[in-house]
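# Commentary on secondary and tertiary structure
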Protein chains: 2
Amino acid sequence: MKRYSKKRQAILDLLHETTEHPSAEGIYRQLKPVYPDLSLGTVYRNLKELGEDGTIASVAVVNDRERFDGRTDPHTHAICSECGKIVDLDGITLPAELLLRAGEASDFSITYAKLQFVGVCGECRKARENGGI
Amino acid sequence: MKRYSKKRQAILDLLHETTEHPSAEGIYRQLKPVYPDLSLGTVYRNLKELGEDGTIASVAVVNDRERFDGRTDPHTHAICSECGKIVDLDGITLPAELLLRAGEASDFSITYAKLQFVGVCGECRKARENGGI
DNA sequence: CTATTAGTAGTAATGATTCTTGTTAAGGAG
DNA sequence: CTCCTTAACAAGAATCATTACTACTAATAG
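The residue numbering used here restarts from 1 in each chain and proceeds along that chain's sequence as written. Following the order in which they are written, the chains are lettered starting with A and the ligands numbered starting with 1. Residues qualify for local features only when their pLDDT is at least 70, as the model is predicted, and side-chain atom pairs are given and counted only at 80 or more; totals for whole chains, interfaces and linings, by contrast, use all residues.

### Let's talk about the domain arrangement of chain A
Residues and elements named next belong to chain A. For chain A, the domain assignment lists domain 1 (1-71) and domain 2 (73-133). Start and end points for every domain follow an automatic or database-based domain assignment. Here domain 1 and domain 2 have C-alpha centroids that lie 22 Å from each other. In this assembly, eight residues from domain 1 lie in contact with eight residues from domain 2. Here the side of domain 1 that touches domain 2 is built from residues that sort into three nonpolar, three polar and two charged. Residues are treated as contacting if the C-beta atoms built from their backbones sit within 7 Å of each other. Three classes are used: nonpolar for Ala, Val, Leu, Ile, Met, Phe, Trp, Tyr, Cys and Pro, charged for Asp, Glu, Lys and Arg, and polar for all others, with Gly counted as polar.

Here you go:
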């Protein structure tokens, strides 16, 4: 019997609406203007609880900051190693056969697969080129 | 001109010989008996430097602890969500075509792909079953 | 040998996250 | 509506992995 207070709901809504995969602090920064008495601890606590529920997911730790996702269905991410941007790659999915083979090869009951591409995003590439002139 | 002191070499050797993907503290625990004056800070410092070199790699952060690998060639891992065990899955590789498509779909210059399977290892599964009786 | 510099132990500092305390407010029973 | 129980919260203290700093030691070059 979870009460889904305004603030918890706001955190969840934000995660559902954004495609940014924000960190705890990013969420705090975005919600603080709307809920001026929001505290960072509340954001952390709710992220943790929602994560344990399976209501939200942790995508990755980028630059020491954990990043969260309102989507819990398995999907692929691309992560920019320069600016930390994370984008969804919905079209790119793992062949089901690989999952099976992974389970056999490891003797694990596989819960899910994590597929991430790490590289440099278009913007950072441009920034680099301009910087290089 | 890196001097590869005994301790640095020992850390690197350990990472080359083991398949355990240990954490900083795990390495410290294993080497401390051999080098009684080894300090945890030294392990951290060397892991960081070796990582920046590209001599070793960071596999994942499991239970808030970063895990390291002496292998730097891209390869797949299976991670047990209960005990944190990490095993290599050499046969399981990403179709090259997916990499290309990911680059196009994201407009990233992909540096590498990270493929990890998360699940419950055989041992933890057994432990569960026994516990459940 | 001696100057120079890498490497280190030990410890202090950092920074993200978690926990604790005291408070507020929501919901339900009467 | 009023009392009671409990969720939720802010603020700040505490924790814990990791990093930085300081003074010391050891290897190397000249």
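Alright, that's what it looks like, and here's the rest.
### Regarding the relation of the copies chain B and chain A
Laying chain B over chain A is done by rotating through 179° and shifting 0.1 Å along the axis; what remains is an RMSD of 0.2 Å. Each copy turns onto its partner about a two-fold axis. Among all residues of chain B, the minimum C-alpha distance to the rotation axis is found for B:Leu115, at 2.4 Å. Counting the interface residues of chain B, we find that 100% of their copies in chain A are interface residues as well, pointing to one common contact surface. When the copies are superposed, the least-squares fit takes in the C-alpha atoms of residues with a pLDDT of at least 70 in both.

### Section: the nonpolar core
In terms of nonpolar packing, the biggest core is built from 47 residues, with A:Leu47, A:Ala102, B:Leu47 and B:Ala78 touching the most fellow members. In contact with B:Ala78, other than residues within four places in its own chain, are A:Ala102, A:Ser106, A:Phe108, B:Val87, B:Leu89, B:Phe117 and B:Gly119. Note on definitions: a nonpolar core is a set of buried residues drawn from Ala, Val, Leu, Ile, Met, Phe, Trp, Tyr and Cys, linked by C-beta atoms within 7 Å. Our exposure labels follow a C-beta count within 10 Å of each residue's own C-beta, placed from the backbone: buried means 20 or more other C-beta atoms, exposed means 12 or fewer, and partly exposed covers the counts in between.

### A word on the interface of chain B and chain A
Contact residues are listed per partner, giving 31 residues for chain B and 31 residues for chain A. In this description a helix means any DSSP run of H or I spanning at least four residues, a strand means any run of E spanning at least two, and both kinds are numbered starting from the N terminus. For the side of chain B that touches chain A, the elements supplying multiple residues, two or more each, are strand S3 (76-80), strand S4 (86-89), helix H4 (96-106), strand S5 (109-120) and helix H5 (122-132) of chain B. Residue contributions to the side of chain B that touches chain A peak at 12 residues, all from S5(B). A breakdown of the residues in the side of chain B that touches chain A according to their chemical character gives 19 nonpolar, eight polar and four charged. Two strands qualify as a pair provided that DSSP identifies no fewer than 2 bridges between them. Pairing geometry for strand S5 (residues 109-120) of chain A and S5(B), over 11 bridges, is antiparallel.

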